[in-house]
Amino acid sequence: MADRYAVFGNPVGHSQSPRIHALFAQQTSQNLSYEALLAPLDGFADHVRTFIARGGCGANVTVPFKEEAFRLATQLTPRAQAAGAVNTLSFTEGQILGDNTDGAGLVRDIRINLCVAVQGARVLLLGAGGAARGTMLPLLGERPAQLTIANRTRAKAETLCSQVGAGNTAICDFTELRAQPAFDVVINATSAGLSDAALPIPDSVFASHTLAYDMLYGRETPFMAQAQRNGARVADGLGMLVEQAAEAFFGWRGVRPDTAPVLAALRAASR
Ligand code: ATR
């Protein structure tokens, strides 16, 4: 019998996770199944418990259940604790271990796939919602020279900084960014791109040495277009998607898949 895994979300039909994990399992000869399970908005915990009762070994969690998964977990990794959200669950010995692999996935994509060092870099993080929070601890773990957080609502950036920030974390309004020299890495963790909204950030945050990273994928956002116009190198979040999945797979199976062919397959399919 194959070990059972799943991704829970609502909606979940669009999820690439079953494809990614099937490719990982094939590549590493792991005997597992992985399915997408639609949980009703008011029935996430019940659905997870039923899955566990039927032999489920672990699960990924996507929108809108990451905070609920955080509350459902009986144990949390430090990075899940810092993120305040869980995207990976492991079921062992009656416990539900909650982890968050999103930030680690982002960092691995930047460092390994895009060959850009966060260590010693001036990093600008745009946004202070759930996506931004999930990346803070892993980003700080890379020891950037400075991590600047800019958000439309300054109070949310201040809360985020006080919860997860460290000595080299700074807060900035979008307008105050005009006084800053260009950054080495600019990460868009806002959801503005989902509605094709441009961010009111100055062109001067970008230079030819800048990596401009949008955590969204499957579309060119106004942020990416602005970065490109200003000569920056641009990346979307597809690599982060594959890397967060690999980190979850590693946690479940103890084997780290080679992400490069999987990312290439997804990239080819999205063309
Ligand atoms: P997510 O889980 O995707 O992070 P979220 O927690 O609702 O979603 O956070 C959305 C983030 O995108 C916030 O930082 C939000 O800014 P505010 O805190 O000011 O609301 C940001 N955001 C969304 N649309 C935006 C827009 N049009 N311009 C600027 N920031 C935007």
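Counting restarts for each chain, with residues numbered from 1 along the sequence as it is written. In keeping with the model being predicted, local features are shown solely for residues with a pLDDT of at least 70 and side-chain atom pairs are shown and tallied solely at 80 or more, while totals for entire chains, interfaces and linings include all residues. The basis for every side-chain value is the complete set of non-hydrogen atoms in the structure, without hydrogens or water.

**Student:** What should I look at first to understand the packing of aromatic side chains in this one?
**Tutor:** The criterion for an aromatic pair is that two Phe, Tyr or Trp rings (for Trp, the six-membered ring) have centres within 6.5 Å, with stacked assigned to planes under 30 degrees apart, edge-to-face to planes over 60 apart and tilted to the rest. For the structure shown, the criterion picks out eight aromatic pairs. Measuring from ring centre to ring centre gives 4.6 Å for Tyr-5 and Trp-252, while their planes differ by 35 degrees; the resulting arrangement is tilted. Of this pair, Tyr-5 sits in strand β1 (residues 3–9) while Trp-252 sits in helix α9 (residues 238–253), and the two are 247 residues apart along the sequence. Overall, the relative accessible area of 13% leaves Trp-252 in the buried class. Linked through ring pairs, Phe-8, Phe-44, Phe-51, Phe-65 and Phe-91 together constitute an aromatic cluster. Helix and strand labels come from DSSP, where a helix needs a run of H or I of at least four residues and a strand needs a run of E of at least two; each type is numbered from the N terminus. Residue exposure (1.4 Å probe, protein chains only): buried if accessible area is under 20% of the type maximum, exposed if over 50%, otherwise partly exposed.

**Student:** Got a minute to help me understand the environment of Ile-187 in this structure?
**Tutor:** Position of Ile-187 among the secondary structure elements: in strand β10 (residues 185–188). Look at Ile-187 and you get buried, because its relative accessible area is 0%. When the C-alpha positions of Ile-187 and Val-255 are compared, they lie 29 Å apart, and in sequence the two are 68 residues distant.

**Student:** Explain the sheet that holds strand β4 (residues 75–76) here, please?
**Tutor:** Whenever strands of a sheet pair, they do so through backbone hydrogen bonds, lying parallel or antiparallel. The mixed open sheet is built from six strands, whose spatial order is β2-β1-β3-β5-β6-β4. Strand pairing shows two members of the sheet lacking a second neighbour, β2 (32–38) and β4, which therefore form its edges. Pairing between strands is defined by DSSP: at least two bridges between them are needed. With three bridges connecting them, strand β3 (residues 56–61) and strand β5 (residues 88–92) associate as antiparallel partners. In the sheet register, Ala-59 faces β5, and the bridge partner there is Leu-89.

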